[in-house]
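These are the residues of each chain, in order.
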Amino acid sequence: MSKNENPKSNAFNEAFSMWDGRGKVAYSTYAKEEITIPKGAKILAFRQQNSTPENRRPSIKILWVIEDTE
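In short, a report on the structure. (Residues numbered from 1 in each chain as written. Predicted model: local features only at pLDDT ≥ 70, side-chain atom pairs only at ≥ 80, totals over all residues. Heavy atoms only, no water.)

Take the overall build of the chain next. Secondary structure summary: the chain contains 0 helices and 4 strands in total. Ordered by position from the N terminus, the helices and strands of the chain form the series β-β-β-β. By residue count, 19% of the 70 residues in the chain fall in the buried class. Counted over contacts in the chain with a minimum sequence separation of 6, partners at least 24 positions apart contribute 52%. Here the chain has roughly 6,000 Å² of accessible surface; of this, 49% comes from carbon and sulfur atoms. (Helix = DSSP H or I, 4+ residues; strand = E, 2+ residues; numbered from the N terminus. Buried < 20%, exposed > 50% of the residue type's maximum accessible area, 1.4 Å probe, protein only. Contact = heavy atoms within 4.5 Å. Areas by Shrake-Rupley, 256 points an atom, 1.4 Å probe, with all protein chains shown as cover.)

Before going further, it helps to spend a moment on the packing of aromatic side chains. Summed over the entire model, instances satisfying the criterion amount to 1 aromatic pair. Plain terms: the ring middles of Phe 12 and Phe 46 are 6.2 Å apart, the flat faces sit at 85° to each other, and that makes the pair edge-to-face. Here Phe 46 lies in strand β3 (residues 42-47) and Phe 12 lies in the segment before β1 (13-20), a separation of 34 residues in the sequence. Here Phe 12 falls in the exposed class, since its relative accessible area comes to 55%. Phe 46 sits in the partly exposed class, given a relative accessible area of 38%. (Phe/Tyr/Trp six-rings, centres within 6.5 Å; stacked < 30°, edge-to-face > 60°.)

What follows deals with the sheet that holds β1. Taken together, 4 strands build an open sheet; the order of strands is β2-β1-β4-β3 and the sheet is antiparallel. The sheet is open, and its two edges are formed by β2 (27-28) and β3, each paired on a single side. (Pairing = 2+ DSSP bridges.)

Have a look at this one:
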């Protein structure tokens, strides 16, 4: 589970970021390490409003959360 060996309920866990793609590809990225997202986790994508080609920030951040069902 790499960085988040012990995920907490209702805590956001960063998975990866994505940048604008080219042509028919909307977004792209490269895996820098193995990513494990637990079964049943909700996957969320957040647009980064301040990303531009000049500042090279990612366009999308992907996070996951295990929702507490209690």
